[in-house]
Amino acid sequence: MYPRIEIDLDKLKHNANLLSKKCREHNIETAVVTKVYCAFPEIVDYLKDSGVKYIADSRIKNLKKLSSIDLEKILIRIPMLTEVEDVVKYSDISLNSEIEVIEKIDETCAKLNKKHKIALMVDLGDLREGYFKEDELFEVVGKTLELKNVEFVGLGTNLTCYGAVIPSKENLGRLCELGQKIEEKFDIKLSFISGGNSSSLHLLDKGEMPSRVTNLRLGEAIALGKETAYSQDIKGAYQDSFKLVCEIVELKEKPSIPIGEIGVDAFGNKPHYEDKGIRKRAIVGIGKQDTNVDGMSTVDPKQEILGASSDHLIVDVTESDRDYKVGDTIEFNLEYGALMAATTSDYVNKVFKCEEKLAENV
Ligand SMILES: *Cc1c(COP(=O)(O)O)cnc(C)c1O
């Protein structure tokens, strides 16, 4: 059944092994971030033995699906007050930035007779989540330490998401310094300093990762084999663990310029066309309702995506060496946003492959 995403579990596992090993060489534990593929249990179960210490996701619903997997779970989006009960039930650690939420987590722990670990987020300038002011951070550390049912384990930060700020030895150094100040001020030891996501990896290669960082949260680096500070492929990692396969529903030779007065397309944009004469055009059954088509590219470099509407995507196959027929399939690589949308779409089937075996469908 098409369209479908084919997921090569062995390639993903290779990437997870490679990166967790690299992190461990720097005394850093890896959390595999599973949100970009909706935490499919088929994937996470396969990755659990790849040297990662934690599973991390932004959505508590995803972590709930993974309850039977015996690794510590981190909720990486600041919890909503209204989901605190599930946060306590289905995650072991949460990243926090509001004392009301932390107090509610503490109360809920008492009610459910459970423990929960709290890390506090620090905003180092990317201007998404976290404490920006040092005195506010210290005040909340003090209040959290007074709570009976939660354990304050350390700090975290997130960069290169909203503000596109690149992790450096200076900004992560500041995170570690804050950790040290907290240890001295409150006479405690912090076991958890989470130094960001796939955009922090470049510091390992440069030998510039502050030594107090104990954890990284890696999504894209494992899923797509990319570091995200400079968008470079990671050496030795696979970039093609996910492949989108779509079926040709129409194949015809047509002019490259539409006939008639040009208004706006289905999404209100005024299109621009280049006249390349008569071209062989394949329509495949996928569209903007299923994925972010701008993040798709054909595996065959001789093909070109011409455009898409809600349910149809047009590919120029004139130069392709293959002689396509209706019912044949065309393969695409996906960037992060396209992968995220396609895995989330109910209209896209998922096929998990491992060691040459095919396991059908979620
Ligand atoms: C999404 C996310 C990550 C993972 O980011 P990648 O760039 O995919 O590695 C890590 N931490 C937080 C808080 C996130 O929201």
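Sequence positions are assigned chain by chain, starting from 1 and proceeding in written order. Local features in this predicted model are restricted to residues whose pLDDT is 70 or higher, and side-chain atom pairs enter the listing and the counts only when it is 80 or higher, whereas totals over whole chains, interfaces and linings include all residues. Working from all heavy atoms in the structure, the side-chain values ignore hydrogens and water.

Draft legend 1. Geometry of a nonpolar patch on the surface. Note on patches: the residues involved have over 30% relative accessible area and no salt bridge, like charges join within 9 Å, and the nonpolar side chains Val, Leu, Ile, Met, Phe, Trp and Tyr join within 5 Å. The Shrake-Rupley method, run with a 1.4 Å probe, gives the accessible areas here. Residue values count only the displayed protein chains as cover. Think of a salt bridge as a Lys or Arg side-chain nitrogen and an Asp or Glu carboxyl oxygen that are within 4 Å of each other. A cluster of nonpolar side chains, Leu127, Phe132 and Tyr162, forms an exposed patch at the surface whose accessible area comes to about 390 Å². Runs of H or I in DSSP of at least four residues are treated as helices and runs of E of at least two as strands, each being numbered from the N terminus. As for its position among the elements, Leu127 is in the loop between strand E6 (116-122) and helix H6 (134-146).

Draft legend 2. Representation of the pairing of strand E1 (residues 4-8). Each residue is assigned to one of three classes by its accessible area relative to the maximum for its type, calculated with a 1.4 Å probe on protein chains only: buried under 20%, partly exposed between the two thresholds, exposed over 50%. Across the five residues that make up E1, a large majority, four, are buried. Relative to strand E12 (residues 242-255), E1 runs antiparallel, the two being bridged by four bridges. Looking at E12, one finds that Ile7 is bridged to Phe242. When DSSP locates at least two bridges between a pair of strands, those strands are taken to pair.

Draft legend 3. Here's a closer look at the site of the ligand. Distances are taken per atom, and a residue is near a molecule or strand as soon as one of its heavy atoms is within 4 Å of it. Around the ligand, the structure places 13 residues, and the nearest of them are Lys35, Ser198, Arg217, Gly219 and Glu220. In this structure, a nitrogen atom belonging to the ligand sits 2.9 Å away from a side-chain N or O atom of Arg217. Protein chains bury 93% of the 390 Å² of accessible surface belonging to the ligand in isolation. Side-chain classes follow a simple rule in which Ala, Val, Leu, Ile, Met, Phe, Trp, Tyr, Cys and Pro form the nonpolar group, Asp, Glu, Lys and Arg form the charged group, and the remainder, Gly included, forms the polar group. In terms of residue class, the shell around the ligand is built from four nonpolar, four polar and five charged. Side-chain atoms alone can form a polar contact between residues adjacent in sequence; in general such a contact is a pair of N or O atoms within 3.5 Å, and within protein one must be able to donate a hydrogen while the other accepts it.

Draft legend 4. Molecular detail of helix H1 (residues 9-24). Taking 1.5 Å of rise per residue, 16 residues should cover 22 Å, and H1 covers 22 Å from first to last C-alpha, within 8% of that figure. Listed in full, the buried residues belonging to H1 are Leu9, Lys11, Leu12, Asn15, Ala16, Leu19, Ser20 and Cys23. Looking straight down H1, one finds its buried side chains confined to an arc of 160 degrees; they lie on one side. Looking at where H1 begins, the residue whose side-chain oxygen comes 3.1 Å from the main-chain nitrogen of Asp10 is Asp8. Here, expected helix span is obtained from the residue count minus one, scaled by 1.5 Å. The directions considered for the arc are those from the helix axis to the C-beta atoms.

Draft legend 5. A look at the UniProt feature "domain: Alanine racemase N-terminal" (unreviewed entry) in the protein. Residues given the UniProt feature "domain: Alanine racemase N-terminal" (unreviewed entry) here are residues 7-222. A helix fraction of 41% and a strand fraction of 19% characterise residues 7-222, whose end C-alpha atoms lie 13 Å from each other. UniProt positions are given in the numbering used here, feature names are shortened, and annotations may be inferred rather than shown by experiment.

Draft legend 6. Representation of the nonpolar core within the structure. Counting 91 residues, the largest nonpolar core has Tyr37, Ile43, Leu120, Leu137 and Leu155 as its most contacted members. Residue contacts follow a heavy-atom distance rule, with two residues in contact if any of their heavy atoms lie within 4.5 Å. Excluding residues that lie within four positions of it along the chain, Tyr37 makes contacts with Val32, Ile43, Val44, Leu47, Ala223, Phe242 and Thr343. Here, the term nonpolar core denotes a set of buried Ala, Val, Leu, Ile, Met, Phe, Trp, Tyr and Cys residues that are joined through side-chain atoms within 4.5 Å. Core analysis: the second largest hydrophobic core is formed by 13 residues, Ala56, Ile74, Leu95 and Val153 among them.

Draft legend 7. Spotlight on helix H7 (residues 169-186). The terminal C-alpha atoms of H7 lie 25 Å apart, and with 18 residues this matches the ideal 26 Å at 1.5 Å per residue to within 8%. Among the residues of H7, those classed as buried are Asn171, Leu172, Gly173, Leu175, Cys176, Leu178, Gly179, Ile182 and Glu183. Elements in contact with the buried residues of H7: E6, H6, strand E7 (150-157), strand E8 (192-194) and helix H8 (202-206). Looking one or two residues past H7, Asp187 carries a phi angle of roughly 55 degrees, positive in sign.

Draft legend 8. The environment of His272, seen in detail. Counting through the fold element by element, His272 comes out in the loop between E12 and strand E13 (278-284). The exposure class of His272 is exposed, given its relative accessible area of 73%. Sequence-wise, His272 and Ala229 are 43 residues apart; in three dimensions their C-alpha atoms are separated by 33 Å.

Draft legend 9. Summary view of a negative patch on the surface. The charge count treats Lys and Arg as positive and Asp and Glu as negative. His and the chain ends do not count. By convention, the point assigned to a charge is CZ for Arg, NZ for Lys, CD for Glu and CG for Asp. The grouping of Glu98, Glu100, Glu103, Glu107, Asp135 and Glu136 at the surface amounts to a negative patch. At the level of secondary structure, the elements contributing two or more residues to the negative patch comprise helix H5 (99-112) and H6. For the negative patch, the leading source of residues is H5, giving three residues. Tracing the backbone shows Glu100 in helix H5.

Draft legend 10. Spatial organisation of the pattern of salt bridges. All chains considered together, the criterion is met by 24 salt bridges. Between Glu331 and Lys243 there is a salt bridge; the shortest N-O distance is 3.6 Å. Of this pair, Glu331 sits in strand E17 (residues 329-334) while Lys243 is found in strand E12, placing the two residues 88 residues apart along the sequence. Assessed through its relative accessible area of 31%, Glu331 is described here as partly exposed. Judged by relative accessible area, which is 23%, Lys243 ranks as partly exposed. Lys280 is the partner of Asp323 in a salt bridge, and the nearest nitrogen-oxygen pair spans 3.7 Å. Here Asp323 is found in the loop between strand E16 (313-316) and E17, whereas its partner Lys280 is found in strand E13, with 43 residues between them in sequence. Three or more residues are tied together by salt bridges with common partners; here these are Arg4, Glu6 and Lys353.

Draft legend 11. Local environment of unusual backbone geometry. That bond from Tyr2 to Pro3 is cis: its omega, -5 degrees, falls within 30 degrees of zero. Mapped onto the elements of the fold, Pro3 is located in the segment before E1. Of note, Cys38 is a non-glycine position whose phi angle comes to about 55 degrees, a positive value. As for its position among the elements, Cys38 is in the loop between strand E2 (29-33) and helix H2 (41-47). Classification of Cys38 as buried rests on a relative accessible area of 14%. A positive phi angle is found at Thr160, which is not glycine, with a value near 60 degrees. Summarising the element assignment, Thr160 is placed in the loop between E7 and H7.

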